[in-house]
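This is what each chain is made of:
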Amino acid sequence: MWRRLLPIGLSAFLFATTTVGAGAQVDPGFTVVNTYHHDPTAFTEGLAFNRAGTLYEGTGVKGTSSIRRVELTTGQVLRRHSLGDRYFGEGVTIIGHRAFQLTWKQHRAWTYRSRNFETLRRFHYRTEGWGLTDHLGRLFMSDGTSTIRVRDPKTFEVVRRIAVTDGGNEVTGLNELEWVDGEIFANVWPTDDVVRIDPDNGNVVGRFSLASLAQQERDTCDNVQDVTNGIAYMPDQDRLFVTGKYWCHLYEIELANP
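Let me sum up the structure you'll find in this document. Values in this document were obtained by computation on a predicted structure and should not be read as measured data. (Residues numbered from 1 in each chain as written. Predicted model: local features only at pLDDT ≥ 70, side-chain atom pairs only at ≥ 80, totals over all residues. Heavy atoms only, no water.)

### Observations concerning the overall build of the protein
Of regular secondary structure, the protein possesses one helix and 24 strands. Out of the 258 residues in the protein, the part that is buried amounts to 55%. A sequence separation of at least 24 residues applies to 50% of the contacts in the protein between residues at least 6 apart. With the model as given, the accessible surface of the protein reaches about 11200 Å², and the carbon-plus-sulfur share is 48%. (Helix = DSSP H or I, 4+ residues; strand = E, 2+ residues; numbered from the N terminus. Buried < 20%, exposed > 50% of the residue type's maximum accessible area, 1.4 Å probe, protein only. Contact = heavy atoms within 4.5 Å. Areas by Shrake-Rupley, 256 points an atom, 1.4 Å probe, with all protein chains shown as cover.)

### Description of the environment of G168
Along the chain, the position of G168 falls in the loop between strand 16 (165-166) and strand 17 (169-170). C-alpha of G168 to C-alpha of V204: the two residues are 36 residues apart in sequence and 9.5 Å apart in space.

### Digging into the pairing of strand 5 (residues 55-59)
Within strand 5, five of the five residues are buried, which leaves the element mostly enclosed by the surrounding structure. Where burial is concerned, the two faces of strand 5 agree: the one with L55, E57 and T59 and the one with Y56 and G58 are both buried. Here strand 4 (residues 44-49) runs beside strand 5; their pairing, made up of five bridges, is antiparallel. Paired with F49 across the bridge in strand 5 is L55. Hairpin geometry of strand 4 and strand 5 is characterised by an intervening segment of five residues between the two adjacent antiparallel strands and by a positive phi of about 85° at G53. Note that strand 5 and strand 6 (residues 66-70) share five bridges and pair antiparallel. (Pairing = 2+ DSSP bridges.)

### Focus on the side chain of E252
Mapped onto the elements, E252 comes out in strand 24 (residues 249-255). Residue E252 is classed as buried on the basis of its relative accessible area of 6%. Looking at E252, its side chain comes within polar contact range of the side chain of Y36, at 3.2 Å. Looking at E252, its side chain comes within polar contact range of the side chain of R239, at 2.9 Å. Not counting residues up to four positions away in its chain, the partners in contact with E252 are T31, V32, V33, N34, Y36, R239, L240 and F241. (Polar contact = N/O pair within 3.5 Å; in protein donor to acceptor, adjacent residues only side chain to side chain.)

### Quick notes on the packing of aromatic side chains
Taken as a whole, this structure holds 14 aromatic pairs when the rule is applied. Through pairs of rings, three or more aromatic residues link up here, namely F43, F88, W104 and Y246. Over the face of the ring belonging to W104 we find K105, whose NZ or CZ atom lies 4.4 Å from the ring centre. (Phe/Tyr/Trp six-rings, centres within 6.5 Å; stacked < 30°, edge-to-face > 60°. Lys NZ or Arg CZ within 6 Å of the ring centre and 35° of its normal.)

### Some words on the sheet that holds strand 15 (residues 158-163)
Spatially, the four strands line up as an open sheet ordered 12-13-14-15, and their pairing is antiparallel. Each edge of the open sheet is held by one strand with a lone partner, namely strand 12 (132-135) and strand 15. Between one strand axis and the next, the sheet turns by 25° as a mean value, whatever way the strands run. Summarising the sheet, strand 13 (residues 138-142) and strand 14 (residues 147-151) pair through four bridges and their orientation is antiparallel. Looking at strand 14, one finds that F140 is bridged to V150. (Axes fitted to C-alpha atoms, helices over the stretch in contact; angles between N-to-C directions.)

Here's what the structure looks like:
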């Protein structure tokens, strides 16, 4: 399990530095298991694996927004579908052979055939679009507020709302989402924090900081780096991956026991 306790003496051990409300515990840290190349021109907004372990990424910024299939070990973009100049791409997730992608302020979402990104359907929604994940045939969508909307992937209708709180306080800025072993992990914009959310009641049950990785990116990559964004989990192999906007690396990490 990703929560198993790791030896404290490991030199790669990184301690969380964030504060947290009374309702959650702070994860003591994580180790970097592997480091992979990542396209430094990718303004990462979404990250997800399909069941076969293929990595998909959604990128933002008008004119450069895309959904892409990426080779994990090299970071090479194997296939790309561009959204054009009109749309600012956001979160992505994969259900079966379908890929879903949000847009930020254009109120549009698409379903693609994941193999070749052929457009299958287009949906409209009223909120902004930020992060997206899925579980048991439902979509979980963030919009930068403290609310996660659970949607039907066939109609995109809202079937439930999850109000996310930490010690009774709203947690706003929820961005990229990922379902990890019964919890929803969420990047919190504009920080380098990741919160762990109980999907049944919206309570934050823990959090950890990726600030040390963000600093490493600023120190080692040529272009100006942005905040952490992008979480992907490979459940069959219990592997967790993180990256950020314009980062030149994708990190496989292992969390310590919370």
